[in-house]
Amino acid sequence: MHLAHYLGLLHRAQVNLADAFRQVADAHGDEPDIEHLCQQQAKRCDAHAEQLHPFATRYSEDAPDEPDRLHSQLFSGTRTGGIGLLRDLQDLYLMAAECDIAWTVVGQAAYGARDEDLLAVVRRCEGETAIQLKWLRTRMKAAAPQALVVAD
Amino acid sequence: MVDRIADPWGERTPYGPGQEWPVRVDRFLDGDRTEADVDRWVQSASVLHSNGDALDIAVADGRIVGVRGRAVDRINRGRVDPKDLYGWQANHSPDRLTRPLVRDGDRLVETDWDTAMGRIVARSKELLSGPGGWGHFGFYTTGQLFLEEYYALGVIGKAGLGTPHMDGNTRLCTATAAAAMKASFGTDGQPGSYTDVDHCDAIALWGHNVAETQTVLWMRMLDRRRGPNPPAMLAVDPRATPVAREADLHLAVRNGTNVALMNGLLREIIRRGWYDRDYVDAHTLGFEELCRVVDGYPPRRVADICDVPAADVERAAELLGTSRRLLSTVLQGFYQSNQATAAACGVNNLHLVRGMIGRPGAGIYQMNGQPTAQNTRETGADGDLPGLRNWENTAHIEELARLWNVEVDTIPHWAPPTHAMQIFRYAEQGSIKLLWITATNPAVSLPDLSRIRRILAKRELFVVVQDLFLTETAELADVVLPAATWGEKTGTFTSVDRTVHISDKAVDPPGEARPDLDIFLDYARRMGFRDRDGQPLIPWTGPQEVFEAWKECSRGRPCDYTGITYEKLRGGSGIQWPCTEEHPDGTERLYTDGRFNTDPDYCETYGHDLATGAEFTEPEYRAKEPQGRAFLHTVDYQPSPEVPDDDHPMLLTTGRTVYQFHTRTKTGRAPQLNAAAPEVWVELHPGDAARLGIGEGDLVGISSARGGIEARARISGIRPGVVFVPFHYGYFDQDPDDRTPRAANELTITAWDPVSKQPLFKVAAVAVAKLADGRGVPSPAPTVGGSAPLADAGVPPTVGGPTARATSGKE
């Protein structure tokens, strides 16, 4: 059963996203909404990771070796300025998208494993990841014309 | 004779449920004048608060000499707020701006209109010439102009320049009211009527010190409280305001915890069966989700978060849950606090689950803070589109494009209009290069003032300020335009409960000062804005033409004005919109049939996630199949972005006194009002004061991560751990070379609600320390209102004396 690997993937993606949200919050303190909401969403990611942890442990007991190239690196630090903010938010968007699809995959596997508890966690968390995507899209849509067309 | 400084609310005229509120005509005339000395009375309404009290301006020898309430009007039945009784004197202040000013190095020098407007137009054309030129313009307007002025400004911005960067200071006062009504009911528009006070059996005031912000509405409530079968009263406020003292139950919640309280109250009401299952089933969406969220807020948890007794939470739920005609009013304690939109939606939820909406006595007032804020919202001079249209709905944008005869994509609709704090951020970053500020004073009223002053003073930012006086903001401008004010120009405006009034010109403005509308029309003419056929985009020459154009824009929308004319507004009472051919006398209450404005083709928004502000899309909204049902939205409580810590262990809240309005631009120039509240103060709980060694009148330093101020201490009934500083006091009346920091907004945090984008003025962490002994001299805080001293303090009472003598006649 390979579910443990995907749980591990999702768990690490949530931890990485939490860390990236915090880095973006720190780097863009002059944008108070970014700072506050990134900190808030980082906590949500922490909570997701925490809820996944017992399942990752439980399923790892009968897991074969981890396949190659399971994890990918989507974030390599923050940038500055208006366009830098857009790019940072885009990184967060891609990382949240990775979590989003991983929730779907893990949710499907939870059905297959007849694991009601895991399914409940997926149901609780996947909606919050979807909101993260929506918020990032909303904020980027508003910022894009000024950053790309107007700013010097 | 009555001293309306000593007694802002005047004599009671008690009445019972279902009775008409008795008439009481308040009057104040200059000096020893009597009505016989008045040449003529000119119809108007109040512009020093949001209540919309109708009054007549007394004119003698070509000057304003006083005011008198209009007995015929549905809102005030003759009563006048003390700010209006005395505030008109500011029109005559010797320091009124009478000529335009332009910057010459470090100085502002007088000039003529051609030179001043020429500079603005030259800079505008230069900025507009490049790609993305629209994005260099920002407009920051107000809640104190007239409807016609906002509409003209909105068309200039949206169809002339094509910029989304236009907002009002309404963002600070009423953005959450609009956001909450859009979220719950589909569009902006106040469900209730002021006459709900006449019929209700319970009144809940949510963060609303109505006694000081809308005195006439408070008089109406007090008159019911003194009459037979009075309504029960619940107050939620960290301060011991007159409302809190009057209420049967006062919840002095910890600032920033309103959502936890609302969730807890809803839980009790649902669990104890005090909700209307039939109404919920027929007229709302989201009840199951609401139950799921609020279930996590039992009274004990609410008590922990809000720091109020659990038993009081239960008592409040019973008061609300067992009432039969419940009236709620909401203001800045909710709007300017943490999770503002979610908290205000909580009040809407309460009324929806109890079916307490759309019938006499069962009403909601999501209040405004300013007299004409409603119009800023309706006409799209803030973060809304004209006619309460939905920026995401292409059909709505096409309607505007047809109306203005411009290309659809001229009108910015790729994202919501830019909110005020973001406009200032773009100016800070340099992408907004021209900022036009009308009738507001951000150098005193926005959060974190040292930052705001730094932005306004930037050399690269061309700042235009249009005002009556050389405000703290005007001092930093590149061009200052002298504006006419109330009494010197004609226009209309609309109260909280949708009542439209006309305010006619009574006298000429001083010197070369011009009505704001004339200034906007002059700019449009000089800029040569054209429509699609090459004709002038803005062909109007005066307010009545703009009003007629606005009527067309409002047609078929919730705020339909098509049945109103200037003639109809003259002589009688104000009229409530929607007013149409079918409803020529206006409409007293909305949603009387339980059908809300949530149809996808009609609504003003497709909705947001209340925790983040994430926007939902049209398909997502349609999938909910609202079918005229209202939405029950709630979220979990989250702490404010700033909470007390070791360095800043106390919570700061800011607010108003009954005697001053905003940054005192007018009220500070009315002698009776200014004498009653001449200087800033800070309110402390006696326990905190004792711990810090602070006594009444001592000079106190208050500091936050942003800055520090000094103020004299008033030991008051505020909750422990919280200090209050009024936000009125800036620097215009201090020696420019010796200004002591005293503006409350030196301390406040740059942060806002994710949906309404309203800044958080009620939750900053501060440190408080004694600086000097008061030597027995009490603080300058009024003894009337929320700043009242403790009973045994021996502070002399605030009085107005002989120059404040007004009359009050009952009929």
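Going by an unreviewed UniProt entry, chain B carries the name Molydopterin dinucleotide binding domain-containing protein and comes from Micromonospora halophytica.

As recorded by an unreviewed UniProt entry, chain A carries the name Ferritin-like metal-binding protein YciE and is attributed to Micromonospora halophytica.

Description of the overall build of chain B
Across its full length, chain B carries 27 helices and 29 strands. Taking 28 Å as the expected radius of gyration for a compact globule of 811 residues, we find that chain B reaches 25 Å, a close match to that expectation. Once the C-alpha set of chain B is aligned to its principal axes, its extents read approximately 70 × 65 × 60 Å. Relative to all contacts within chain B whose residues are 6 or more apart in sequence, the contacts with residues 24 or more apart total 75%. Total accessible area on chain B stands at roughly 24800 Å², and carbon and sulfur atoms take up 48% of it.

As for the overall build of chain A
When its secondary structure is counted, chain A shows four helices and zero strands. Sequence-ordered secondary structure for chain A, helices as α and strands as β, is α-α-α-α. If you line up chain A on its principal axes, its C-alpha atoms span 55 × 30 × 20 Å. Every one of the 152 residues in chain A was classed for burial, and the buried ones make up 46%. Within chain A, contacts between residues at least 6 apart in sequence are counted, and of these 79% link residues at least 24 apart.

Comments concerning the interface of chain B and chain A
Facing the 30 residues of chain B at the interface are 24 residues of chain A. Here chain B meets chain A over a buried area of about 2200 Å², counting both sides, of which 56% is carbon and sulfur. If you sort the residues of chain B by the area they bury against chain A, Arg425, Thr612 and Trp752 of chain B come out on top, with a joint share of 21%. Taking the shortest distance from any N to any O, the salt bridge between Lys134 of chain A and Glu620 of chain B comes out at 2.6 Å. The tally of links from chain B across to chain A stands at 10 residue pairs in polar contact (both at pLDDT 80 or more). Broken down by element, the residue count for the side of chain B that touches chain A peaks at four residues, all from helix α19 (residues 420-429) of chain B. Considered class by class, the residues forming the side of chain B that touches chain A number 13 nonpolar, 12 polar and five charged.

Details of the packing of aromatic side chains
Any aromatic ring pair is given by two values, namely how distant the centres are and how the planes are angled relative to each other. Residue and element names in this part refer to chain B. Following the criterion strictly, the structure yields 23 aromatic pairs over all chains and no others. Each ring, one from Phe185 and one from Phe596, has its centre 5.6 Å from the other, and the planes form 20°; the classification is stacked. Residue Phe185 is located in helix α5 (residues 175-185), and its partner Phe596 is located in the loop between β21 (575-576) and α25 (618-623); the two are separated by 411 residues in the primary sequence. Like Phe596, Phe185 is buried. On the basis of an interplanar angle of 35° and a centroid distance of 4.7 Å, the ring pair of Tyr591 and Phe596 is categorised as tilted. Accessibility classification places Tyr591 together with Phe596 in one group, the buried group. Counting every residue linked through ring pairs, the aromatic cluster contains Tyr151, Trp540, Phe547, Trp550, Tyr561 and Tyr566.

Comments concerning the layout of surface pockets
Gaps left between atoms are located by rolling a probe of water-molecule size over the structure's atoms. A volume near 1100 Å³ is recorded for the largest pocket. Along the wall of the largest pocket there are 34 residues; nearest its centre are Glu289, Arg292, Asp609, Thr634 and Val635 of chain B. Listed by contribution, the elements that provide at least two residues to the lining of the largest pocket are α2 (32-60) and α4 (116-150) of chain A together with α12 (287-294) of chain B. Considering each element in turn, the lining of the largest pocket owes the most residues, seven residues, to α4 of chain A. Each residue belonging to the lining of the largest pocket can be placed in one class, and the counts come to 15 nonpolar, eight polar and 11 charged. Looking at the second largest pocket, its volume works out to about 620 Å³. Lining the second largest pocket are 21 residues; nearest its centre among them are Pro32, Glu35 and His36 of chain A together with Pro641 and Ile749 of chain B. Contributions of two or more residues to the lining of the second largest pocket are made by α2 of chain A together with α21 (449-456) of chain B. Looking at the lining of the second largest pocket element by element, the count peaks at seven residues for α2 of chain A. Along the lines of polarity and charge, the residues of the lining of the second largest pocket split into five nonpolar, seven polar and nine charged. Split by domain, the lining of the second largest pocket shows at least three residues from each of two domains, domain 2 (101-170 + 372-576) and domain 4 (650-807) of chain B.

As for the sheet that holds strand β19 (residues 491-494) of chain B
Residues and elements named next belong to chain B. Strand order in this open sheet of three strands is β19-β20-β21, and the pairing throughout is antiparallel. Both outer strands of the open sheet, β19 and β21, are each paired with one neighbouring strand and no more. Taken together, the two bridges between strand β20 (residues 499-503) and β21 define a ladder with antiparallel strand orientation. Among the inter-strand pairings, Thr499 is bridged to a residue of β21, identified as Gln576.

Observations regarding the sheet that holds strand β10 (residues 202-206) of chain B
All names here are of chain B. Sheet architecture is open: five strands sit in the order β12-β11-β10-β14-β15, paired in parallel fashion. The sheet is open, and its two edges are formed by β12 (249-251) and β15 (363-366), each paired on a single side. Across the sheet, the mean angle separating the axes of adjacent strands is 10° when strand polarity is ignored. Bridge count between β10 and strand β11 (residues 232-236): five bridges; the pairing is parallel.

A short note on unusual backbone geometry
Residues and elements named next belong to chain B. The omega angle of the peptide bond from Trp577 to Pro578 is -5°, so this bond is cis rather than trans. Despite not being glycine, His662 shows a phi value in the positive range, around 45°. Here His662 is to be found in the loop between β23 (650-655) and α26 (671-676). With relative accessibility at 15%, the residue His662 sits in the buried group.

Comments concerning the packing of α2 of chain A against helix α3 (residues 81-112) of chain A
All names here are of chain A. At their nearest, the axes of α2 and α3 sit 13 Å apart, and the two run at 25° to each other. Taken together, α2 and α3 sit at an angle that is classed as roughly parallel. For the crossing formed where α2 meets α3, the hand is left-handed. On α3, the residues touching Ile34, Cys38, His48 and Leu52 of α2 are Leu85, Leu89, Leu92 and Trp103. Among the residues making up the contact of α2 with α3, the classes are represented as seven nonpolar, one polar and no charged.

Topic: the side chain of Ser503 of chain B
Residue and element names in this part refer to chain B. Within the fold, Ser503 resides in strand β20. There is a polar contact of 2.7 Å between the side chain of Ser503 and the side chain of Ser44. Beyond its immediate sequence surroundings of up to four residues, Ser503 is in contact with Gln43, Ser44, Ala45, Phe146, Trp486, Lys489, Thr490, Gly491 and Phe493.

Re empty space enclosed by the protein
Scanning all chains against the criterion turns up seven cavities of 30 Å³ or more. Roughly 830 Å³ of internal volume is contained in the largest cavity. For the largest cavity, the lining is made up of 49 residues, of which Pro416, Pro417, Glu615, Val755 and Lys757 of chain B are closest to its centre. Per-element accounting of the lining of the largest cavity gives the leading share, six residues, to α4 of chain A. Classifying every residue of the lining of the largest cavity gives 20 nonpolar, 16 polar and 13 charged. What the second largest cavity holds in volume is close to 500 Å³. Together, 35 residues line the second largest cavity, and Gln332, Gln336, Thr654, Gly655 and Lys762 of chain B are the ones closest to its centre. Mapped onto the lining of the second largest cavity, the elements with two or more residues apiece are α4 (170-173), α15 (332-335) and β23 of chain B. Counted by class, the lining of the second largest cavity contains 10 nonpolar, 21 polar and four charged residues.

Some thoughts on the nonpolar core
Ranked by internal contacts, the top residues of the largest apolar core, which has 147 residues, are Trp206 and Ile702 of chain B. Residues Leu153, Ala401, Ile502 and Ile538 of chain B belong to the second largest nonpolar core, which totals 63 residues.

A short note on a nonpolar patch on the surface
Residues and elements named next belong to chain A. Residues Tyr6, Ile101 and Val105 make up a contiguous nonpolar surface patch of about 240 Å² in total accessible area. Following the sequence through the fold, Val105 ends up in helix α3. Here Val105 falls in the partly exposed class, since its relative accessible area comes to 32%.

Parameters and conventions
- Residues numbered from 1 in each chain as written.
- Chains lettered and ligands numbered in written order.
- Predicted model: local features only at pLDDT ≥ 70, side-chain atom pairs only at ≥ 80, totals over all residues.
- Heavy atoms only, no water.
- Helix = DSSP H or I, 4+ residues; strand = E, 2+ residues; numbered from the N terminus.
- Rg over C-alpha atoms; globule rule 2.2 N^0.38 Å.
- Contact = heavy atoms within 4.5 Å.
- Areas by Shrake-Rupley, 256 points an atom, 1.4 Å probe, with all protein chains shown as cover.
- Buried < 20%, exposed > 50% of the residue type's maximum accessible area, 1.4 Å probe, protein only.
- Buried area = accessible area lost by both parts, 1.4 Å probe.
- Salt bridge = Lys/Arg side-chain N within 4 Å of Asp/Glu carboxyl O.
- Polar contact = N/O pair within 3.5 Å; in protein donor to acceptor, adjacent residues only side chain to side chain.
- Nonpolar A, V, L, I, M, F, W, Y, C, P; charged D, E, K, R; others polar.
- Phe/Tyr/Trp six-rings, centres within 6.5 Å; stacked < 30°, edge-to-face > 60°.
- 1 Å grid on protein atoms, 1.4 Å probe; cavity = no way out; pocket = protein on both sides within 12 Å on 5 of 7 lines; lining within 4 Å.
- Points joined across faces, edges and corners; volume = space filled by probe spheres on them.
- Domains from an automatic or database assignment.
- Pairing = 2+ DSSP bridges.
- Axes fitted to C-alpha atoms, helices over the stretch in contact; angles between N-to-C directions.
- Parallel < 35°, antiparallel > 145°, perpendicular 65-115°, else oblique.
- Left-handed = near helix turned anticlockwise from the far one by under 90°.
- Core = buried A, V, L, I, M, F, W, Y, C linked by side-chain atoms within 4.5 Å.
- Patch = residues over 30% accessible without salt bridge, like charges linked within 9 Å, V, L, I, M, F, W, Y side chains within 5 Å.

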